[in-house]
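Chain by chain, the residues:
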Amino acid sequence: MKQKIPNTFGLTVYARSVVTVSTVEQLQQVWDQNQENQPIMIIGEGSNTLFTADYDGIVVVNRIKGITITETQESWLLNVGAGEIWHDLVSTTVEKQLAGLENLALIPGCVGSAPIQNIGAYGIEFQKVADYVQLLELATGKIITVTDGQYGYRESIFKRRYSNGYAVIYVGIRLSKQWQPVLTYGELKNFDPQTVTSKIIFDKVCEIRHSKLPDPKILGNGGSFFKNPVVDKIVADKLLEIYPAMPIYPQVDNQVKLAAGWLIDQCGLKGFQIGGAAVHQQQALVLVNKNNATAQDVVALARYVKNAVLEKFSVTLSPEIRFIGRTGEINVDKFL
Ligand code: FAD
Ligand code: EPU
């Protein structure tokens, strides 16, 4: 019998089976006992995933748990099961006064997913604290430890070379004992670096996020639907001549990151709705399941938003959300 796939969009989608695993052995067993050669995908909380159709295979929900903390003279070293909840890990470290993860509070999903898209918020990306990622190569049962994740903006080697046939099982995090607060983003700039604590930043990040981002338990969503586009400085400068208030984030190599939410907002799309899917009122980069949306509603809305931004600004948006079809991931840039 088909089983419902957990996902924060709150879409009603099914897989042939959904299996929760809490050990590496159980995970390996699902792979080994797949006699019909069904497609298999591993998820954490389904908070960055859009199932565009029922999945014709096995969805494995990773709940491999455990946090061990050791130390060197310079750092705290955390070894964390990939199925731990990311925000719970952040809260635990802040409570124990192990500083360094506070800017990444309230990001939904599991620890194992954090390196995959190199989660980022409020001036910090996962790569800043990355030590290693342990993978299970499912075809051989071999465990591989990757120390160079080749991280970029919402990018890593785990989305490319190690995407199919590998499971993230443990994540190593290194927190420097010489903590320096990161206060570069938005309202965090108002804090005094001499007196601010990890807990103060944690609380502020939680407060800002509560005010902008919908709680998936109340209003289904997958966070930012699109990535912020990175364009040549020449392109950004031309846009700035017409829209001097446009937010920009200068990058290396004469590149500039634009705020996709601002671009969508300027198209007048806040609240815009197709079927049950809508552009969030408080943050235009978030598409929400307002009223029993289907995956088709979400896809139609995303296409509409992408085209509107392209028409007005000649800037192409690319989804951050991973689109999953009947048998596996879909190339979104071709799909939308
Ligand atoms: P899933 O959606 O379950 O999986 C994502 C992808 O990783 C899938 O392709 C899946 O197959 C693969 N995968 C998952 N686990 C494994 C594993 N163990 N082994 C191999 N592959 C695996 N992201 C940010 O970067 N910054 C933010 O500020 C942010 N804010 C958000 C706010 C909201 C309200 C929401 C809903 C999402 C937000 N996100 C943000 C996106 C999301 O939280 C992150 O991408 C998160 O890391 C996804 O975790 P997950 O466990 O739910 O991943
Ligand atoms: N803006 C608007 N209107 C909107 C939305 C945003 O004018 O409707 C403006 C804001 O005023 C601000 C700028 O756009 O000047 C950027 O907005 P915000 O600070 O809310 O951040 P973002 O660029 O929309 C990114 C990440 C978030 C992350 C925040 C904080 C991406 C794709 N998104 O959002 O990550 O939490 O910065 O660092 O990079 C996610 O990945 O799912 C996610 C939520």
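What counts and what doesn't
Residues numbered from 1 in each chain as written. Chains lettered and ligands numbered in written order. Predicted model: local features only at pLDDT ≥ 70, side-chain atom pairs only at ≥ 80, totals over all residues. Heavy atoms only, no water. Helix = DSSP H or I, 4+ residues; strand = E, 2+ residues; numbered from the N terminus. Rg over C-alpha atoms; globule rule 2.2 N^0.38 Å. Buried < 20%, exposed > 50% of the residue type's maximum accessible area, 1.4 Å probe, protein only. Contact = heavy atoms within 4.5 Å. Pairing = 2+ DSSP bridges. Axes fitted to C-alpha atoms, helices over the stretch in contact; angles between N-to-C directions. 1 Å grid on protein atoms, 1.4 Å probe; cavity = no way out; pocket = protein on both sides within 12 Å on 5 of 7 lines; lining within 4 Å. Points joined across faces, edges and corners; volume = space filled by probe spheres on them. Nonpolar A, V, L, I, M, F, W, Y, C, P; charged D, E, K, R; others polar.

Caption draft 1: Looking closely at the overall build of the chain. Looking only at helices and strands, the chain has seven helices and 20 strands in total. Its C-alpha radius of gyration of 20 Å places the chain within 12% of the 20 Å reference for a compact globule of 336 residues. Across its three principal directions, the C-alpha atoms of the chain cover 60 × 50 × 35 Å. Here the chain holds 336 residues, and the buried ones make up 50% of them. Sequence-distant contacts, at least 24 apart, represent 61% of the contacts inside the chain between residues at least 6 apart.

Caption draft 2: Summary view of the sheet that holds strand β19 (residues 286-289). Strand order in this open sheet of four strands is β13-β19-β18-β17, and the pairing throughout is antiparallel. Of all strands in the sheet, those bounded by a partner on one side alone are β13 (220-224) and β17 (273-274). Relative to β19, strand β18 (residues 277-279) is paired through three bridges, and the arrangement is antiparallel. Paired with Ala 277 across the bridge in β19 is Asn 289. Sheet contacts for helix α6 (residues 295-313): β17, β18 and β19; angle to β18, the most-contacted strand, approximately 30°.

Caption draft 3: Summary view of empty space enclosed by the protein. The final tally for this structure, using the stated rule, is one cavity of 30 Å³ or more. In this structure, the largest cavity is lined by Ala 130, Asp 131, Tyr 132, Val 133, Val 146, Thr 147, Gly 149, Tyr 151 and Phe 158. With four residues, the top contributor of residues to the lining of the largest cavity is strand β10 (residues 130-137). Broken down by class, the residue content of the lining of the largest cavity amounts to six nonpolar, two polar and one charged.

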